[in-house]
Amino acid sequence: MTQETILIVGAGLSGAVIGRELAQKGYRIEIVDSRAHIAGNCHTERDAATGVMVHVYGPHIFHTDDQEVWDYVNGFTTFMPYKNRVKTTSGGQVYSLPVNLHTINQFFGKTLRPDEARTFLESEADTSIADPQTFEEQALRFVGKGLYEAFFKGYTQKQWGCSPTALPASILKRLPVRFNYEDNYFFHKYQGMPANGYTEMIAGILDHPNITVRLTTDFRREAADGYSHIFYSGPLDGYFDYELGRLGYRTLDFERFTYDGDYQGCAVMNYGDVSVPYTRITEHKHFSPWEEHRGSVCYREFSRACEPGDIPYYPIRLVEEKAQLADYVARAEQEAGVTFVGRLGTYRYLDMDVTIREALDTARLYLARRAENAAMPTFLNPPL
Ligand SMILES: Cc1cc2nc3c(=O)[nH]c(=O)nc-3n(C[C@H](O)[C@H](O)[C@H](O)COP(=O)(O)OP(=O)(O)OC[C@H]3O[C@@H](n4cnc5c(N)ncnc54)[C@H](O)[C@@H]3O)c2cc1C
């Protein structure tokens, strides 16, 4: 058994999983988090008035093909079946998403079968665009003007705060349409929701005698001596006090409101029209369909550029940000004794299952490197 102490910055999924794995091997783990709660952006809490489990930083649906990750999370909580079925309001009608045969037939007022719909959409596509460069060109090339304007243009513009003509074609890699009636958003083998929310699950992961968690505690580099290693899941640019500028993020504002009854009949309703300022409304009780609540808690979700003091949600990762990121990565590589992990530490969008996979791999590599007396890399999963 070792008596070495490891500091972990962030009590989200990354920090909790790394901490747990190393605690089980006898390391003393100190975790600090600037927030007043554990679980990072996955944090859930019950609304006192209605009893609804609220996904405080926006809705989180667990989905994975990774058997080990699925077994891991099921070791700490009970997962309830959940399928993500999203609707969208566009041009005064409600449609099914992702765009599928039902959406196509409803939008064009037709009764097409799959092969007919394929042929029809090919006739809608703008084949004059030979080499699509922008998101808009790619979408027009794939689905044509009608579907693009109803389902992609406005939503994308609101989400990224710029015209789809300013976004690269690579964002829309494949034809974003299904020629059947499958409206389950994810194709993963396992999908579900933790019965009592993510925070309870992460509390279970952190529940080990070798782990100490200090909340409302900001990490300061000057106060980080004496640890055998640091795993940092805070923002990469924040670690260096933003000395090379701020990496670009989108942030979200949630306008919370309550309703007596069922507000919209589904968990997620997108709004495709640019005239509606929010991107979607989420009604949280529908994320726990096995529970019954009369009252309802909803979020109107607005997307905007992240300013100092805002919560960074989605890394932008366009050309400008990638150049700045390269400078931060080079700067980080000069640091000894710290590994940057998680969605903020590596400036990538990571689903929860990927976060857990990377955290498990990180802890294992640390143990292997310690056994060989070799140094731990600054990044296991390079941000670039
Ligand atoms: C709106 C939204 C919806 C999402 N929906 C899904 C979904 O449906 N399914 C899915 O699989 N994934 C989803 N995700 C992704 C999911 O949120 C991430 O996978 C997960 O949060 C990553 O965990 P993390 O520990 O790396 O980061 P975080 O959860 O962000 O945790 C980092 C922690 O570090 C703390 N911290 C930062 N800086 C400091 C500092 N200087 N000192 C001390 N503490 C610090 C923060 O307070 C935070 O608690 C969604 C993400 C967003 C933004």
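Worth saying up front: this structure is predicted, and the values here are computed from it rather than measured.

**Q** For this particular structure, what's the right way to read the overall build of the protein chain?
**A** Looking only at helices and strands, the protein chain has 10 helices and 17 strands in total. Its C-alpha atoms give the protein chain a radius of gyration of 22 Å, near enough to 21 Å, the size a compact globule of 384 residues would have. Each principal axis of the C-alpha atoms in the protein chain carries an extent, and together these give about 70 × 50 × 35 Å. At a minimum sequence separation of 6, the contacts of the protein chain that also span at least 24 residues come to 73%.

**Q** Is there a simple way to think about unusual backbone geometry in this case?
**A** Backbone phi values are negative for most residues with the exception of glycine, while trans is the configuration of most peptide bonds. Backbone torsion omega between L97 and P98 reads -15°, so that peptide bond is classified as cis. Inspection of the secondary structure assignment puts P98 in the loop between β8 (93–96) and α3 (101–108). Here the phi dihedral of T216 falls at roughly 40°; this positive angle occurs in a residue that is not glycine. Of note in this structure, R317 is not a glycine but carries a positive phi near 55°. Classification of R317 as partly exposed rests on a count of 17 C-beta atoms within 10 Å.

**Q** It is not clear to me how the site of the ligand should be interpreted in this structure. Could you clarify?
**A** Looking at the ligand, there are 35 residues lining it, with G10, G12, G40, G234 and G342 nearest. For the shell around the ligand, the elements supplying multiple residues, two or more each, are α1 (13–23), α9 (342–345) and α10 (352–372). Among the residues forming the shell around the ligand, the class breakdown is 15 nonpolar, 14 polar and six charged.

**Q** Explanation requested: the UniProt feature "domain: UDP-galactopyranose mutase C-terminal" (unreviewed entry) in the protein chain in the structure shown.
**A** Within this structure's numbering, the places UniProt gives as "domain: UDP-galactopyranose mutase C-terminal" (unreviewed entry) are residues 150–349. End-to-end, the C-alpha atoms of residues 150–349 are 26 Å apart, and along that stretch the chain is 22% helix and 24% strand.

The rules behind the values
- Residues numbered from 1 in each chain as written.
- Predicted model: local features only at pLDDT ≥ 70, side-chain atom pairs only at ≥ 80, totals over all residues.
- Helix = DSSP H or I, 4+ residues; strand = E, 2+ residues; numbered from the N terminus.
- Rg over C-alpha atoms; globule rule 2.2 N^0.38 Å.
- Contact = placed C-beta atoms within 7 Å.
- Buried ≥ 20, exposed ≤ 12 C-beta atoms within 10 Å, placed from the backbone.
- Near = placed C-beta within 6 Å.
- Nonpolar A, V, L, I, M, F, W, Y, C, P; charged D, E, K, R; others polar.
- UniProt positions renumbered as here; feature names shortened; annotations may be inferred.

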